[in-house]
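As a plain string of letters, each chain reads:
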Amino acid sequence: MNILEISKNYNTQAKCIAKLEKLRWGKSVMCPYCDSKRNRAVKSEAGRHSCKSCKRSFTVLIDTIFESSRLPLPQWFMIIGLVLNAKSGLAAKEIQRNIGCTYKTAYYVAMRIRIGMLMPNTKLHGIIEMDESYFGGKARKAHKISDSDTSIGGETITLKRGRGTNKISVAGMVQRKGMVKTQVMEKLTKRNLLAMLKHYASKDNSILVTDGFKSYKELETYIDRLEINHSKSFSKGIVHVNTIENFWGSIKNGVKGSYRAISKKYLPFYLVEFEWKFNHRNFRGNQLDEYLKKAVTHQKELEYWKAESTEQVKDIAYEKQKE
Ligand SMILES: [Zn+2]
């Protein structure tokens, strides 16, 4: 859905509320506090309902990314449209210019939109590629002059492969023609990689493809594995890690073009955004509807935002899912 359509179809708060109610509740409004379906509309405020069971009142925005935001929903919808359409990310400055809101609002809304992009865990299967990439930190001397380094305002962001550097390491897995999963890893140890693999991949009828990094060898205790030797060739039939390399490339472009610098604290948010975009690369339906439906029906992720556990939002999500 393009921005013009969004501005036409969702130009009032009431139209946006109606859309979100339909996506969240269908035909029968349900109280978010007690799950009762017995309620009535409060006449004095559009979109507000009063629960006949627990006597509390609520709107569809409770427990969603939109909760307690003063930005009108039509502007929220426009920003979501802009973010979804921006294949390699959208800087808060750009949102500010497009919407005419403050930078602070643009930044806050964009972060919340990313939270709404966190996908529920479904196990990968089939041919799965696993690889790692490195973000931020100081570049090693030998790598300083490289086209994969971006230096703006004195901050150097390096996204090249950099085993053994002090950069933030991120491990990623992708199912061929399927979804991608990433995880910020303090240390790329065999143990951490194995835990991630077990969490995200089904070992039955699956095969893992990696490069020759020695920690991946250990994963054979869990799953069948094929290895591509990069010093000889980059692919040998199905044996390659090109899909995950392409994914790292898309983040690299986004960081260079739109975000310039991403701190360790917020890296997980951007990973979530690029994962969402990658996972919907072949989606042909209405992306706005798809996004909004998820954002109003899977609210669990918001706990992490509310708790201000922004530091490693995905790690926390990951820990939670393990419980
Ligand atoms: Zn209730």
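Note that this is a predicted model, so its numbers are computed, not measured.

Participant: Sorry, what's going on with the overall build of the protein chain here?
Facilitator: The helix and strand tally for the protein chain stands at 11 helices and 12 strands. For the protein chain, with 323 residues in total, the buried portion stands at 33%. Long-range pairs, those at least 24 residues apart, make up 63% of the contacts in the protein chain between residues at least 6 apart in sequence.

Participant: Would you mind going over the sheet that holds strand β1 (residues 39-41) with me for this structure?
Facilitator: What holds strands together in a sheet is hydrogen bonding between their backbones, with the strands either parallel or antiparallel. If you trace the 3 strands from one edge of the open sheet to the other, you get β1-β2-β3, paired in antiparallel fashion. Two strands lie at the open edges of the sheet, namely β1 and β3 (57-58), each paired on one side alone. As judged from the 3 bridges shared by β1 and strand β2 (residues 49-51), these two strands associate in the antiparallel manner. Its bridge partner lying in β2, Asn 39 is registered against Cys 51.

Participant: Please clarify how the pairing of strand β9 (residues 207-210) should be interpreted in this entry.
Facilitator: Walk down a regular strand and you will see the side chains alternate between the two sheet faces. Pairing of strand β4 (residues 127-135) with β9, which is carried by 3 bridges, proceeds in the parallel orientation. Following the sheet pairing, Glu 129 is matched in β9 by Val 209. Here 4 bridges tie β9 to strand β10 (residues 224-227), and the two strands are oriented parallel to one another. Residue pairing across strands places Ile 207 opposite Asp 224, the latter belonging to β10.

Participant: Which parts of the structure should I look at to understand helix α7 (residues 242-259)?
Facilitator: Quick reminder: α-helices carry 3.6 residues per turn. Residues three or four places apart thus point the same way. Between its first and last C-alpha atoms α7 spans 24 Å; for 18 residues at 1.5 Å apiece the expected length is 26 Å, and the two agree. Listed as buried for α7 are Thr 243, Ile 244, Phe 247, Trp 248, Ile 251, Lys 252, Gly 254 and Val 255.

Participant: Would you mind going over the nonpolar core with me for this structure?
Facilitator: Here is a general trend for soluble globular proteins: nonpolar side chains tend to be buried in one another's company. The biggest cluster of nonpolar side chains holds 64 residues, and the ones touching the most others in it are Ile 80 and Ile 113. Each of domain 1 (3-115) and domain 2 (127-280) gives at least three residues to this core. For Ile 80, the residues in contact, after removing those within four places along its chain, are Ile 113, Leu 288 and Tyr 291.

Participant: How do you make sense of the sheet that holds β4 when you look at a structure like this?
Facilitator: Reading across the sheet, the 5 strands line up as β8-β7-β4-β9-β10 and stay open at both edges, with mixed pairing between neighbours. Looking along the sheet, the strands with just one partner apiece sit at the ends: β8 (180-185) and β10. Ignoring strand direction, the axes of neighbouring strands in this sheet form an average angle of 25°.

Participant: Please explain the environment of Tyr 200 as it appears in this structure.
Facilitator: You can see Tyr 200 is positioned in helix α6 (residues 190-200). In the structure, Tyr 200 is positioned 75 residues away from His 125 in sequence and 9.0 Å away in space, judged by C-alpha atoms. Beyond its immediate sequence surroundings of up to four residues, Tyr 200 is in contact with Asn 121, Lys 123, Leu 124, Met 173 and Lys 181.

Participant: For this particular structure, what's the right way to read helix α8 (residues 267-279)?
Facilitator: If you check α8, its first and last C-alpha atoms are 18 Å apart, about what 13 residues at 1.5 Å a residue would give, namely 18 Å. Among the residues making up α8, those that are buried are Leu 267, Pro 268, Phe 269, Tyr 270, Leu 271, Val 272, Glu 273, Phe 274, Glu 275, Trp 276, Lys 277 and Phe 278.

Reading the values: the criteria
Residues numbered from 1 in each chain as written. Predicted model: local features only at pLDDT ≥ 70, side-chain atom pairs only at ≥ 80, totals over all residues. Helix = DSSP H or I, 4+ residues; strand = E, 2+ residues; numbered from the N terminus. Buried ≥ 20, exposed ≤ 12 C-beta atoms within 10 Å, placed from the backbone. Contact = placed C-beta atoms within 7 Å. Pairing = 2+ DSSP bridges. Expected span 1.5 Å × (residues − 1). Core = buried A, V, L, I, M, F, W, Y, C linked by C-beta atoms within 7 Å. Domains from an automatic or database assignment. Axes fitted to C-alpha atoms, helices over the stretch in contact; angles between N-to-C directions.

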